[in-house]
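Structural overview
Residues per chain are reported as follows:
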Amino acid sequence: MATTIITKEQWAESEKFITKLKEVNIRFAQQNGRMRLAHTETYGCQQNVNDTERIRGMLDKAGFGFTDDAKEADLVIYNTCAVRENAEQRVFGRLGILKHIKETKPELIVAVCGCMVQQEHICEKIKKVHDHVDLIFGTHALYRMPELLYRTITENETVVDITNSDGAICEDVPILRDRAEKAWVSIMYGCNNFCTYCIVPYVRGRERSRKPEDILNEIKGLVANGTTEISLLGQNVNSYGKDLDTEIDFADLLRMVNDIEGVERIRFMTSHPKDLSDKLIYTIRDCDKICKQLHLPLQSGSDKILKDMNRHYTKEQYLAIVEKLKKEIPGITLTTDIIVGFPTETTPDFRETLEVLKSVRYDNIFSFIYSRREGTPAAKLDFALSDEEIHKNFEEMLEVQNQICLEKNLEYKDKIETVLVEDVSDTEPTILTGRNDGGKLVTFAGDASLKGKYVKVKITKPKQWSLEGELQ
Ligand code: 5AD
Ligand code: SF4
C-alpha cells in the first residue's frame, strides 16, 4: 500500500516558503502598520478541526495574526467537509457573502481547502461560479499550503492543488491549538472501509497509521505544556497499526498512552464495530485513565440495510458487543451515529433501528438524514421512501431518543462526578462548564480560575442535554 511518508527534506522545502511568507508579511506590516490577519473556519469532523490547527500552526509561523471576524481578515480559509450536502451548501453560501466583501476589498485572499474540494466536480464548480476564490487545495496538499499560499499572494493568480494520492503523512507540520487543557491527536488518517453511502475514503485516501513513537512524543510534548486530556483520532481507530511493520495494535497504543505521566484522561474516536476486539474492551476496563465511554456507530438496526451499507456486521453481532461492553464496564457511556433514509431503507427497516435504540439506550445519538454523495455506490440506488416519510421517521427517532437521553441523565441525580473545567459561560461569568468521565456536559457555579482543573461536582439537576450541579 502506498503510504507516502513526507520526508524531512520535502518538509524543509515547504518550510522555506514559510520563511518567504514571513518576509512578505513583515513588509505588509511595515506598509500597513498592522499584521496581515487570517480568519479560519472549520466544517465537519474533529479530523478537520485538527487539520485547521495545523493550518493555523503554519500561518502563525509565517507571521500571520488571527481574527474571528471574516470582515476584518486579509486571508479567509474555509476548511470544508464533504460528508453531507448541507455542509457543502453552507460553504457555498459563505463564499457568496465573501464575494460581496471582496468587491469592496479586492486584496482579500479567499482559500477553500479540505474534503469538499478534493472532489473534482466541486472544485470545477468553485472555479466556475466563485471566481473570487484565489486558492483551492485538497486534503493531500495540506503540508504544501505554505508554497501554494506564497504563490497566491505573490503571483496574483488562482492556485489549485487537488492532487490525488493514497495519502501522505507529514510529521513536522506545526500545530496551533486553541485550548490548553485538552487536545486532539491524530493517530491515523484515511479509511479503507468504503461504506456505500460515504465519501470519506475517496477524499481522505487509504488508511495509514502514524508510528507509535511519533504519537507518544506528541502527547509527551502536550503534557509538558499542561494538557491532561488526550483524544486519539482516526476514522477507524480499531484498525490502527495494521499497515505498520510493528505488532502494536490500538489496544497496545492505548496502554502506552495510559502509561504517560501527566495524562489524566484518554478518549478516542471513531470505533468501527467490525474491528472492535475483546482485547480493546479489556483495555478500556483495566486502564484507569481511559474514559469509560465509547462512540460506536450503528448506522442502522436492519441487517438488510447494514449489508447494503457494506458495514460487515449484523444487528446481533453489534448487540453482542454492546452486551459485553456493559458487562465488563458497568456504567459505560455509549453514543452512536444513525443514518435515516438510506435509499433501500423501508419503514420496517427503520423500526428495527428504533428497537436497537430502545434496547441499547444510548446516552446520546448523532443522527443524520442520508445525503446522496456523488461517486459513492449508494448514489445509484432508488429510494424506497419519499422525502416526507424519511423526515417523519427521523422526527419519530428524535422523540424516542430525547426521552432516553433525559432518563439516562436522571440516573446521575445526587452523584458526585469528576469534571474537567473547560469553559466559562459567555453570558454568566460565574457559571463554568466541563465534562465528566463519560463526556457529558456539566454546568455549575464556580470561579474562572478553576479552568483546566479537575473538580468534584454533585449533580443536582439533570437535564436532557446537560447535568447541572454544585461544586463540592
Ligand atoms: N449521509 C448521511 N450521513 C452520513 N454519514 C456519513 N456519510 C453520510 C451520508 N452520505 C454519517 C455517518 C458517519 C458520520 C460521521 O456521518 O453516520 O458515522
Ligand atoms: Fe465513512 Fe465508513 Fe470509513 Fe466511517 S468507516 S469514514 S462511515 S467509509
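Our subject is the structure listed above.
Calculation rules
Residues numbered from 1 in each chain as written. Chains lettered and ligands numbered in written order. Predicted model: local features only at pLDDT ≥ 70, side-chain atom pairs only at ≥ 80, totals over all residues. Heavy atoms only, no water. Pairing = 2+ DSSP bridges. Helix = DSSP H or I, 4+ residues; strand = E, 2+ residues; numbered from the N terminus. Contact = heavy atoms within 4.5 Å. Axes fitted to C-alpha atoms, helices over the stretch in contact; angles between N-to-C directions. Phe/Tyr/Trp six-rings, centres within 6.5 Å; stacked < 30°, edge-to-face > 60°. Buried < 20%, exposed > 50% of the residue type's maximum accessible area, 1.4 Å probe, protein only. Lys NZ or Arg CZ within 6 Å of the ring centre and 35° of its normal.

**Looking at the sheet that holds strand S6 (residues 135-137)**
Strand order in the open sheet formed by 6 strands is S3-S2-S4-S5-S6-S7, and the pairing between neighbours is parallel. With partners counted over all chains shown, the strands left at the sheet margins are strand S3 (65-66) and strand S7 (159-161), one partner each. Where strand S2 (residues 37-42) lies against strand S4 (residues 75-80), 5 bridges are found, and the strand directions are parallel. Among the inter-strand pairings, Ala38 is bridged to a residue of S4, identified as Leu75. The sheet strands contacting helix H2 (residues 46-61) are S2, S3, S4, strand S5 (109-114) and S6, and the helix crosses S4 at an angle near 155°. Sitting on the sheet, helix H4 (residues 120-129) is in contact with S5, S6 and S7, with an inclination near 180° to S6.

**Describing the sheet that holds strand S14 (residues 293-295)**
Strand order in the open sheet formed by 3 strands is S14-S15-S16, and the pairing between neighbours is parallel. Either end of the sheet is taken by a strand with one partner, and the two such strands are S14 and strand S16 (364-369). Taken pair by pair, the neighbouring strands of this sheet meet at an average axis angle of 10°, ignoring direction. Packing of helix H13 (residues 387-410) onto the sheet brings it into contact with strand S15 (333-340) and S16, and relative to S16 it is tilted by some 175°.

**Topic: the packing of aromatic side chains**
Counted according to the given criterion, the structure contains 8 aromatic pairs. Relative to Phe342, the ring of Tyr197 lies with its centre 6.5 Å away and its plane at 85°, an arrangement referred to as edge-to-face. You can see Tyr197 sitting in the loop between strand S10 (188-189) and helix H6 (200-204) and its partner Phe342 sitting in the loop between S15 and helix H12 (347-360), a full 145 residues away along the chain. Taking 5.9 Å as the distance between ring centres and 35° as the angle between the ring planes, the aromatic pair formed by Tyr313 and Tyr318 counts as tilted. Note on accessibility: Tyr313 and Tyr318 belong to one class, buried. A connected cluster of aromatic rings, assembled from ring pairs, spans Tyr197, Phe342, Tyr370 and Phe383. When the ring centre of Phe368 is taken as reference, the NZ or CZ atom of Arg84 above it lies at 3.7 Å. One cation-aromatic arrangement involves Lys125 over Phe92; the distance from NZ or CZ to the ring centre is 4.1 Å.

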